[in-house]
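Observations on chain architecture
Letter by letter, the chains look like this.
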Amino acid sequence: MANVSFKGYSSVDKTQPFTELTDKALIKRDILNHFNTKKGSRVMRPDYGSSLWDYLFEPLDLISKDAILDDVNTVINSDPRVRIINTDIQEMEHGIIISFQLQYVTFESIDVFIIGFDRRNMTAQEITA
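The paragraphs below set out a description of the structure included in this document. Remember, predicted model here, so these are calculated numbers, not experimental data.

**Side note on the overall build of the protein**
The helix and strand inventory of the protein stands at two helices and six strands. Start at the N end of the protein and walk to the C end: the helices and strands fall as β-β-α-α-β-β-β-β. At a minimum sequence separation of 6, the contacts of the protein that also span at least 24 residues come to 38%. Accessible area for the protein stands at about 8,000 Å²; split by element, carbon and sulfur atoms hold 50% of it.

**Re the sheet that holds strand 5 (residues 109-118)**
Taken in spatial order, the four strands of this open sheet run 3-4-5-6, and their pairing is antiparallel. Both edges of this open sheet fall to strand 3 (82-92) and strand 6 (123-126), since each of them pairs with a single strand only. Geometrically, the sheet is characterised by an average inter-axis angle of 25° between neighbouring strands, direction not taken into account. Of the pairings in the sheet, the one linking strand 3 to strand 4 (residues 95-104) comprises ten bridges and is antiparallel in character. When the sheet's bridge partners are listed, aspartate 88 is paired in strand 4 with serine 99. Against the sheet, helix 1 (residues 23-36) contacts strand 3, strand 4, strand 5 and strand 6, and its axis sits at roughly 30° relative to strand 5.

**Observations concerning the side chain of serine 109**
Locating serine 109 in the fold gives a position in strand 5. When near neighbours in sequence (up to four residues on either side) are disregarded, serine 109 contacts Lys24, Leu102, Gln103 and Tyr104.

**Remarks on empty space enclosed by the protein**
Take a probe with the size of a water molecule and roll it over the atoms, and the empty space left behind shows itself. The final tally for this structure, using the stated rule, is one cavity of 30 Å³ or more. Tyr55, Leu56, Glu58, Pro59, Leu60, Ile68, Glu91, Gly95, Ile96 and Arg119 are the residues that line the largest cavity. When the residues that make up the lining of the largest cavity are grouped by side-chain class, the tally is six nonpolar, one polar and three charged.

**Details of the packing of aromatic side chains**
Per the stated rule, a full pass over the model turns up five aromatic pairs. Measuring from ring centre to ring centre gives 6.0 Å for phenylalanine 35 and phenylalanine 100, while their planes differ by 20°; the resulting arrangement is stacked. Separated by 65 residues along the polypeptide, phenylalanine 35 in helix 1 and phenylalanine 100 in strand 4 bring together distant segments of the chain. Look at tryptophan 53 and phenylalanine 117: their rings are 5.5 Å apart centre to centre, the planes differ by 65°, and that puts the pair in the edge-to-face class. Taken together, the positions of tryptophan 53 in the loop between helix 1 and helix 2 (62-77) and phenylalanine 117 in strand 5 put the pair 64 residues apart, joining distant regions of the chain.

**A look at the nonpolar core**
In terms of nonpolar packing, the biggest core is built from 22 residues, with Ile31, Phe35, Leu52, Ile98, Phe100, Ile115 and Phe117 touching the most fellow members. For this core, the secondary structure elements donating two or more residues are helix 1, helix 2, strand 3, strand 4 and strand 5. Here the element with the most residues in this core is strand 4; it accounts for five residues. Those residues in contact with phenylalanine 100 that lie beyond four places of it in its chain are Phe35, Val72, Ile76, Ile84, Asn86, Thr87, Asp111, Val112, Phe113 and Ile115.

Conventions adopted
- Residues numbered from 1 in each chain as written.
- Predicted model: local features only at pLDDT ≥ 70, side-chain atom pairs only at ≥ 80, totals over all residues.
- Heavy atoms only, no water.
- Helix = DSSP H or I, 4+ residues; strand = E, 2+ residues; numbered from the N terminus.
- Contact = heavy atoms within 4.5 Å.
- Areas by Shrake-Rupley, 256 points an atom, 1.4 Å probe, with all protein chains shown as cover.
- Pairing = 2+ DSSP bridges.
- Axes fitted to C-alpha atoms, helices over the stretch in contact; angles between N-to-C directions.
- 1 Å grid on protein atoms, 1.4 Å probe; cavity = no way out; pocket = protein on both sides within 12 Å on 5 of 7 lines; lining within 4 Å.
- Points joined across faces, edges and corners; volume = space filled by probe spheres on them.
- Nonpolar A, V, L, I, M, F, W, Y, C, P; charged D, E, K, R; others polar.
- Phe/Tyr/Trp six-rings, centres within 6.5 Å; stacked < 30°, edge-to-face > 60°.
- Core = buried A, V, L, I, M, F, W, Y, C linked by side-chain atoms within 4.5 Å.
- Buried < 20%, exposed > 50% of the residue type's maximum accessible area, 1.4 Å probe, protein only.

Structure below.
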């Protein structure tokens, strides 16, 4: 096995109680967890989470796009393992899709990460191309 920089576990997988994640997969899961947590809902960490959910039922106009971009930048910038290069927001039938171009600091690589925010079930999930 190659050198692993980051190692953790996910309890999101429905087929196993815990799934081991490493490196980029762990970073993506951590970012998804951050977005799936409503800001102010974590005990002792009122600044953790995302306020993006407050904008899902609003029209996707310039004001809400700016607020969403601010929240996205706050979430991504809170993780020292990545840097955000580019962000794109698009409306989908039941929510929004945000595409990030991320630079993984440790791995010196760039990747596109696409998350769909669904207002029907209030979840953020990775969208694979």
